[in-house]
Amino acid sequence: MTLHLLDGGKPSKPHRIRATALRVLPALLLVGLALVGPWLAQHAIDAPVTAPYAEPGADAVLGGDQLGRDVLSRLLAGGRDLVLSSLLVAALVTGSAAVLGAIGALRPPVGRLVERVADVLMLLPAVLGILLVTLSWPDGGRLAVITAAVLLGVPYAVRLAAGAAAPVAASGYVEAAAAGGERLWHLVLREVLPNLRATLLALFGLRFVAAVYLVATAGFLQVGPQPPAADWALMIRENSSGILLNPWSVVAPSLAIGLLALSVNLAAAALAPQTGRKTVTVL
């Protein structure tokens, strides 16, 4: 006879650690490379070293861009601001959504108000939202892009957080704590949020991916970083006309954005606590 138990069925601990490490390692390597990349660049990001759109060679491993600048050097230098901005956006969105969702689950009238506001903000297209914030704040630069990304991300995240917080808020121990006179912030910070770790970690990964694409979209629209800054999205826009001459000037930053988003999402999923089913054979 076979029984299925909810809390087991997990591989051995060393195996789980190795599997988790293999899924987290690519994200750590890519994020680390993006952060230290500016110090690894061989050439200055604004100094021509080859002919425009030159093919890969000894002086430029990935060839030159539209002005003959080293594509590899600009690639190494162009990821740090994107990673830091996306991490900040993901943290702000996840934290704000977690708090608002928990409060909404504990105080239903507040929850209904938050949902109505979120519904309205979700109707705003992402590109239009970026343009509205950045063009109305012309001197905001990257801070304006981060603000726009947070405003666009919270409405989606708060619905997920509220849905996950609702059953926790209705559980017996939370109701007992509320009946015992605990304040709202104690219930949010000590009773509800600690039980949403898996959901919030997965949400952080999703919002990081969304932030990467939003920040990159702003760079592509040239409402964020401005030339001659080294930025992956800006590199794609600047060199799109020469993709047939030197494909690496566009392909390399495109791959960097895609791999960064994918690896971080996989790492967040691997780090989230898992519950499984255990198969037990009874003789």
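Here's what I pulled together on the structure shown here. In this text, all values refer to a predicted model and were calculated from it rather than measured experimentally. (Residues numbered from 1 in each chain as written. Predicted model: local features only at pLDDT ≥ 70, side-chain atom pairs only at ≥ 80, totals over all residues. Heavy atoms only, no water.)

Some thoughts on the overall build of the protein
For the protein, the count of helices and strands is eleven helices and two strands. Traced from its N-terminal end to its C-terminal end, the protein shows the element sequence β-α-α-α-α-α-α-α-α-α-α-α-β. Expressed as lengths along the three principal axes of its C-alpha atoms, the size of the protein is roughly 70 × 55 × 30 Å. In the protein, the proportion of contacts linking residues at least 24 apart, taken out of those at least 6 apart, comes to 72%. By element, 68% of the accessible surface of the protein is carried by carbon and sulfur atoms, the whole surface being about 14,900 Å². (Helix = DSSP H or I, 4+ residues; strand = E, 2+ residues; numbered from the N terminus. Contact = heavy atoms within 4.5 Å. Areas by Shrake-Rupley, 256 points an atom, 1.4 Å probe, with all protein chains shown as cover.)

Quick look at the side chain of N239
Here N239 lies in helix 10 (residues 232-239). A relative accessible area of 1% means that N239 is categorised as buried. Here the side chain of N239 touches M235 through a polar contact of 2.8 Å, landing on its backbone oxygen. Discounting residues that sit within four places of it in the chain, N239 has contacts with Y53, D65, Q66, S249 and V250. (Buried < 20%, exposed > 50% of the residue type's maximum accessible area, 1.4 Å probe, protein only. Polar contact = N/O pair within 3.5 Å; in protein donor to acceptor, adjacent residues only side chain to side chain.)

Here's the deal with the side chain of S73
Relative to the assigned elements, S73 resides in helix 2 (residues 71-77). Looking at S73, its side chain comes within polar contact range of the side chain of D70, at 2.6 Å.

Structural notes on unusual backbone geometry
A negative phi angle characterises most non-glycine residues, just as the trans form characterises most peptide bonds. Notably, Y53 is not glycine yet its phi reads approximately 55°, a positive angle. Within the secondary structure layout, Y53 lies in the loop between helix 1 (13-40) and helix 2.

Brief notes about the pattern of salt bridges
Tallied over the full model, the rule gives seven salt bridges. In this structure, D119 engages R159 in a salt bridge whose closest nitrogen and oxygen atoms are separated by 2.6 Å. Of the two residues, D119 is situated in helix 4 (residues 108-122) and R159 in helix 6 (residues 142-169); the sequence distance between them amounts to 40 residues. Residue classification places R159 among the partly exposed positions, given a relative accessible area of 34%. Counted as one network, the salt bridges with shared partners bring together D65, R69, R74 and E238. (Salt bridge = Lys/Arg side-chain N within 4 Å of Asp/Glu carboxyl O.)

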